[in-house]
Amino acid sequence: MRLKKIMVLASVAFVAGYFLACSDSASTLEMDDGIGNIPGYNPAWSASSKETPESSSSGEVVTSSTTPEPSSSAEQEIDFGDSKIQVDGSGVAVITDEYMEAVSDDEALELDDLKQAFDYNEAPSTFTGGDKTRFSVDDFDFSKNEYYCYTESQEWLGITKEKLQETKLPFLWGGAAYNARARFSLDFDSCQIFIKKK
């Protein structure tokens, strides 16, 4: 009887030890380099396979043959055929004053006053400027700010979304390559840029 109890206890200990070992190896996989924490990561599925596992409503795994998605527009060649401005090899488009708009005399006087205050560090926080001349598309928020170019000839020009779109640069708002905009920038080299909150 005692031998039977020992055998039962040994069997229970063996099964418990087996489950504990499996549990430890599973948690090790989850902790390994964080890979186990990546949603959708399945080490048994090859990324090169064209068949993607899907779960049916019954819980069974079914496969569907799908072709790989085309590469994103950020990797595709961009067509600048219609663009009125050239883009250099590093993705920089120089914006000339042709694609900025003149401001009214009253607005120019107001901007002159704000710039003078800015030069003496007395401008309101709603009016800022700096030496930066190169901007990404996402640097502009025309719903909240107005952007101005103060030229070397001390004239004011407005930078607007509509005038910039006249360049027909495909990475601007609504352009065919808008999703690739991170690869490109707009250079206002002849300007000191000022931003006025609306």
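Residues numbered from 1 in each chain as written. Predicted model: local features only at pLDDT ≥ 70, side-chain atom pairs only at ≥ 80, totals over all residues. Heavy atoms only, no water.

Describing the pairing of strand β10 (residues 191-197)
In regular strands, side chains alternate between the two faces of the sheet. Judged from the three bridges that link them, strand β5 (residues 127-129) and β10 form a sheet pairing that is antiparallel. Along β10, the bridge assignment pairs Gly129 with Phe194. When strand β7 (residues 145-151) meets β10, the two strands line up antiparallel, connected through seven bridges. The residue of β10 that forms the bridge with Tyr148 is Phe194. (Pairing = 2+ DSSP bridges. Helix = DSSP H or I, 4+ residues; strand = E, 2+ residues; numbered from the N terminus.)

Examining unusual backbone geometry
Of note in this structure, Gln154 is not a glycine but carries a positive phi near 60°. Note on placement: Gln154 falls in the loop between β7 and β8 (156-159). Positioned with a positive phi, Lys168 is a non-glycine residue whose angle comes to about 60°.

Looking at the sheet that holds strand β6 (residues 134-135)
If you walk across this open sheet you meet the three strands as β3-β9-β6, and the pairing is mixed. Because the sheet does not close on itself, it has two edges, and the strands there are β3 (92-94) and β6. Taken together, the three bridges between β3 and strand β9 (residues 185-187) define a ladder with parallel strand orientation. In the strand pairing of β9, Val92 is matched with Ser185.

Concerning the environment of Gln76
You can see Gln76 is positioned in the loop between β2 (61-65) and β3. As for Gln76 and Ala180, which are separated by 104 residues in sequence, their C-alpha atoms are 8.5 Å apart.

As for the confidence of the model for the protein chain
In the predicted model, the protein chain carries a mean pLDDT of 77, and the fraction of residues at 70 or more is 62%. Here β2 stands out as the least confident element of the protein chain, with mean pLDDT 42; β8 is the most confident, with 98. (pLDDT = per-residue confidence, 0-100.)

Observations concerning the sheet that holds strand β4 (residues 101-102)
Strand order in the open sheet made by the five strands is β4-β8-β7-β10-β5, with antiparallel pairing throughout. Each edge of the open sheet is held by one strand with a lone partner, namely β4 and β5.

Thoughts on the environment of Trp156
Of note, Trp156 is situated in strand β8. Overall, Trp156 belongs to the buried group, its relative accessible area being 6%. Taking C-alpha positions, Trp156 is 9.6 Å from Asp105, a pair spaced 51 residues apart along the chain. Other than its neighbours up to four places away in sequence, Trp156 contacts Val103, Ala108, Leu111, Asp112, Lys115, Phe127, Tyr148, Cys149, Tyr150 and Phe194. Side-chain polar atoms of Trp156 contact the side chain of Asp112, separated by 2.8 Å. (Buried < 20%, exposed > 50% of the residue type's maximum accessible area, 1.4 Å probe, protein only. Contact = heavy atoms within 4.5 Å. Polar contact = N/O pair within 3.5 Å; in protein donor to acceptor, adjacent residues only side chain to side chain.)

Some points on the packing of aromatic side chains
Under the counting rule described, the total for this entry stands at 16 aromatic pairs. Each ring, one from Phe118 and one from Phe127, has its centre 6.5 Å from the other, and the planes form 85°; the classification is edge-to-face. Given a relative accessible area of 2%, Phe127 falls into the buried group. When the centroid spacing of 6.1 Å and the interplanar angle of 65° are considered together, the rings of Phe140 and Phe188 count as edge-to-face. Of this pair, Phe140 sits in the loop between β6 and β7 while Phe188 sits in the loop between β9 and β10, and the two are 48 residues apart along the sequence. Accessibility assignment for this pair places Phe140 and Phe188 in one class, buried. Positioned over the ring face of Tyr178 is Arg181, at 4.0 Å from the centre of the ring. (Phe/Tyr/Trp six-rings, centres within 6.5 Å; stacked < 30°, edge-to-face > 60°. Lys NZ or Arg CZ within 6 Å of the ring centre and 35° of its normal.)

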